[in-house]
Amino acid sequence: MLAAPVWACSICRCGDPTFNALGKEGVAQTGLRVALDWDQVEKTQGPPDARDALRERRTTLLGAYGINDRFDVFVRVPFSKRDLTEVEGGDSEQAHASGFADPELYAQARVWSSSFEGDVGIRSSLYAVFGVKTDWGVNDAARDGERLDEHVQPGTGSTDWFAGLSGSYQLNPKSAIFVSAQYRHTGRNDFGYQYGRVNLLNLAYERKLSSRWDAVLEANYRHAGRDETDSSGLTDPDTGGSIIYVTPRVLFNAGGGWVLRASMQIPLEQSRLYGEQHEKTVLNVGITRLFNGK
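Residues numbered from 1 in each chain as written. Predicted model: local features only at pLDDT ≥ 70, side-chain atom pairs only at ≥ 80, totals over all residues. Heavy atoms only, no water.

### Topic: the pattern of salt bridges
Here comes step 1: In the structure shown here, the tally under the stated rule is 16 salt bridges.
Here comes step 2: Measuring nitrogen to oxygen at the nearest pair gives 2.9 Å for the salt bridge that ties Arg 261 to Asp 37. With a gap of 224 residues between them, Arg 261 in strand E16 (residues 258-269) and Asp 37 in strand E1 (residues 31-45) connect regions that are remote in the sequence. As far as burial versus exposure is concerned, Arg 261 and Asp 37 are alike and both buried.
Here comes step 3: Its salt-bridge partner being Glu 56, residue Arg 58 comes within 3.1 Å of it at the nearest N-O pair.
Here comes step 4: Under the relative-accessibility criterion, Glu 56 is labelled buried at 0%.
Here comes step 5: If you follow the salt bridges from partner to partner, you end up with Lys 43, Arg 222 and Glu 279 in one network. (Salt bridge = Lys/Arg side-chain N within 4 Å of Asp/Glu carboxyl O. Helix = DSSP H or I, 4+ residues; strand = E, 2+ residues; numbered from the N terminus. Buried < 20%, exposed > 50% of the residue type's maximum accessible area, 1.4 Å probe, protein only.)

### With respect to the pairing of E1
Here comes step 1: By the bridge criterion, 15 bridges tie E1 to strand E2 (residues 52-66) in an arrangement that is antiparallel. Each residue of the ladder has a partner; that of Glu 42, found in E2, is Arg 55.
Here comes step 2: Taking the residues between adjacent antiparallel strands as the criterion, E1 and E2 are bridged by six residues, where Gly 46 takes a positive phi near 100°.
Here comes step 3: Bridge analysis of E1 against strand E18 (residues 282-290) gives eight bridges, and the strand direction is antiparallel. (Pairing = 2+ DSSP bridges.)

### Side note on helix H1 (residues 17-28)
Here comes step 1: A rise of 1.5 Å per residue sets the reference length of H1, with its twelve residues, at 16 Å; its end C-alpha atoms lie only 14 Å apart and thus fall more than 12% short of the reference.
Here comes step 2: Buried residues dominate H1, accounting for ten of its twelve residues.
Here comes step 3: Taken together, the buried positions of H1 are occupied by Pro 17, Thr 18, Phe 19, Asn 20, Ala 21, Leu 22, Gly 23, Lys 24, Gly 26 and Val 27.
Here comes step 4: A side-chain oxygen of the first residue of H1 lies 3.1 Å from the backbone nitrogen of Thr 18; this N-cap is Asp 16. (Expected span 1.5 Å × (residues − 1). Polar contact = N/O pair within 3.5 Å; in protein donor to acceptor, adjacent residues only side chain to side chain.)

### Structural notes on the nonpolar core
Here comes step 1: Formed by Ala 21, Leu 22, Val 27, Ala 35, Leu 62, Ala 64, Phe 74, Tyr 106, Val 129, Phe 162 and Leu 290, the largest nonpolar core amounts to eleven residues.
Here comes step 2: Elements represented by at least two residues in this core include exactly H1 and E2.
Here comes step 3: It is H1 that contributes the most residues to this core, three residues altogether.
Here comes step 4: Of all hydrophobic cores here, the second largest spans seven residues; its members include Leu 54, Leu 84, Ala 95 and Leu 148. (Core = buried A, V, L, I, M, F, W, Y, C linked by side-chain atoms within 4.5 Å.)

### Regarding the side chain of Lys 133
Here comes step 1: Mapped onto the elements of the fold, Lys 133 is located in strand E8 (residues 124-133).
Here comes step 2: Assessed through its relative accessible area of 6%, Lys 133 is described here as buried.
Here comes step 3: A polar side-chain atom of Lys 133 sits 2.7 Å from a polar atom in the side chain of Asp 102.
Here comes step 4: Polar side-chain contacts of Lys 133 include one of 2.9 Å to the side chain of Thr 156.
Here comes step 5: With near-sequence residues (within four places) excluded, Lys 133 lies in contact with Asp 102, Pro 103, Glu 104, Thr 156, Ser 158, Thr 159, Asp 160, Phe 162 and Arg 184. (Contact = heavy atoms within 4.5 Å.)

### Considerations on the environment of Ala 141
Here comes step 1: Positionally, Ala 141 belongs in the loop between E8 and strand E9 (142-143).
Here comes step 2: When neighbours within four sequence positions are excluded, Ala 141 is seen to be in contact with Ala 97, Glu 146, Arg 147, Leu 148 and Gln 153.

### Focus: empty space enclosed by the protein
Here comes step 1: One number sums up the size of the largest cavity: a volume of about 200 Å³.
Here comes step 2: Lining the largest cavity are 23 residues, and of these Asp 16, Pro 17, Thr 18, Val 129 and Gln 182 sit closest to its centre.
Here comes step 3: Mapped by element, the contributors of at least two residues to the lining of the largest cavity are H1, strand E5 (104-113), strand E11 (160-172), strand E12 (175-185) and strand E13 (198-208).
Here comes step 4: Ranked by the residues each element gives to the lining of the largest cavity, the list is headed by E12, at five residues.
Here comes step 5: Broken down by class, the residue content of the lining of the largest cavity amounts to twelve nonpolar, eight polar and three charged. (1 Å grid on protein atoms, 1.4 Å probe; cavity = no way out; pocket = protein on both sides within 12 Å on 5 of 7 lines; lining within 4 Å. Points joined across faces, edges and corners; volume = space filled by probe spheres on them. Nonpolar A, V, L, I, M, F, W, Y, C, P; charged D, E, K, R; others polar.)

### Focus on the packing of aromatic side chains
Here comes step 1: Inspection of every chain in the model, using the stated rule, returns six aromatic pairs.
Here comes step 2: On the basis of an interplanar angle of 85° and a centroid distance of 5.3 Å, the ring pair of Phe 79 and Phe 100 is categorised as edge-to-face. Here Phe 79, found in strand E3 (residues 71-88), pairs with Phe 100, found in strand E4 (residues 91-100); they are 21 residues apart in sequence, far enough to count as distant.
Here comes step 3: Lying over the aromatic face of Phe 191, Arg 147 brings its terminal NZ or CZ to 3.7 Å of the ring centre.
Here comes step 4: Over the ring of Phe 291 we find Arg 289, and its NZ or CZ is 4.5 Å from the ring centre. (Phe/Tyr/Trp six-rings, centres within 6.5 Å; stacked < 30°, edge-to-face > 60°. Lys NZ or Arg CZ within 6 Å of the ring centre and 35° of its normal.)

Here is the structure:
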């Protein structure tokens, strides 16, 4: 039962990274859990005669450790490859950068749970989540001595704080609901750029299909403010806004605590994105090792 991060806007995603990588059972488990994800995100922004097309392929390692049945710590380390095509009039220019993106350090604490109920176990739980996205990733990638565009940099160059709540409700032994909400407070990098601050909402239904197969269907919502291009507060009109995705996911329990995952995050409603923006389907595949798994 499984289902990764969200980036600051410009090429950001919806979803709950912990639930995506570990699933409802993995989120609450004690001991060590490890997940490796690969995903691809594409978007365009700007009018047709001055349009930027960005594609990112990201590999992310997640390490999680449950200290006890109430407190867990997490580390996410992403490696990013970004390709940017800039169109200006009839001319186009391409840029590429790769390197480590910004690691995230965060923790969750269980603040409430219901008592055990028969074969369902703990029917509902509520967690508080808090953490920091560091500025340790590459944000000074250059070509011919000139720094590349902000949106092709693997890291944002800023320290961001985030906090939220997540919870689950076990409907019956085979199905459950997971919900989460998070706010991400973005900082400004050394070049004056500040990505829009982000609010995230996620709702997922998880269903056990057989002893090895599980399915998840999610609805993901994101609202982000416009990016500020310098310390004066000047904004980029083609950034930020609201978007809704639907995300189907399948999971295969390979045994021994190994779980294989694949999903498609499909944009349903993006008319409320600011300016000229278009986001494409996000592809994700991953593998998770639950060391206490059966």
